[in-house]
Amino acid sequence: YTQDHGDKLYRRSLYTFVRRTAPPPSMLSFDAGSREVCTANREITATPLQSLVLMNDPQFIEAARVLAEQLWKEPAVSLDERLVRGFRAVTGRLPASEEKQILRRLYDEQWRYFSDQPAAAAQLLKTGEGPADATLSATDVAATTLVVSTLMNHDEFVMKR
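Quantities reported herein were computed from a predicted structural model and do not represent experimental measurements.

A. Examining the packing of helix α3 (residues 58-73) against helix α7 (residues 138-151) more closely. At a minimum axis distance of 8 Å, the contact between α3 and α7 shows a crossing angle of 120 degrees. In terms of orientation, α3 and α7 fall into the oblique class. Crossing of α3 over α7 shows right-handed handedness. On α7, the residues that touch Ile 61, Ala 64, Arg 65, Leu 67, Ala 68, Glu 69, Leu 71 and Trp 72 of α3 are Asp 140, Val 141, Thr 144, Thr 145, Val 148 and Ser 149. Here the contact of α3 with α7 is composed, by residue class, of eight nonpolar, three polar and three charged.

Following this line, the structure appears as structure tokens:
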């Protein structure tokens, strides 16, 4: 497909051009039907290809970055509260205490990596067409972006049950 620009860019999830016999590859990864016949009940699978799309597609990386920026723009909120709010925004529920610890450990690991590799943080934040917020710490936002991206691979984000 041809990518739109400006305000039309963010409509791409809702208004994706689909040919009858060849839907976009990312939609095929998430079990979209071929539209050659009517399907009353779609097959539901979880494949490694879905994780690759969620972790590498610029659309999902940019979405994770934007959510990370929103979490850092909230005034006077602790890091743990930011992680809880991000978890809730992505999964629709509050994390268990063990999940909170895992999120914090992941954030700390990513923060150390990006503080040692500022060029990697800058490269990550350039993903997507929307500009990154330059007023926020690149290290904090990059680390939070990867936490949110990891959350987007959670079963509760991918599947509606």
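B. Looking closely at the pattern of salt bridges. Counted according to the given criterion, the structure contains nine salt bridges. When the shortest N-O distance is used, the salt bridge between Arg 65 and Glu 69 registers 3.1 Å. Highlighted residues: Arg 65 and Glu 69, both in helix α3, separated by four residues, approximately one helical turn. Side by side, Arg 65 and Glu 69 carry an identical accessibility label, which is buried. It is possible to trace a salt-bridge network through shared partners that takes in Glu 62, Arg 65 and Glu 69.

Thresholds, definitions, all that
Residues numbered from 1 in each chain as written. Predicted model: local features only at pLDDT ≥ 70, side-chain atom pairs only at ≥ 80, totals over all residues. Heavy atoms only, no water. Axes fitted to C-alpha atoms, helices over the stretch in contact; angles between N-to-C directions. Helix = DSSP H or I, 4+ residues; strand = E, 2+ residues; numbered from the N terminus. Parallel < 35°, antiparallel > 145°, perpendicular 65-115°, else oblique. Left-handed = near helix turned anticlockwise from the far one by under 90°. Contact = heavy atoms within 4.5 Å. Nonpolar A, V, L, I, M, F, W, Y, C, P; charged D, E, K, R; others polar. Salt bridge = Lys/Arg side-chain N within 4 Å of Asp/Glu carboxyl O. Buried < 20%, exposed > 50% of the residue type's maximum accessible area, 1.4 Å probe, protein only.

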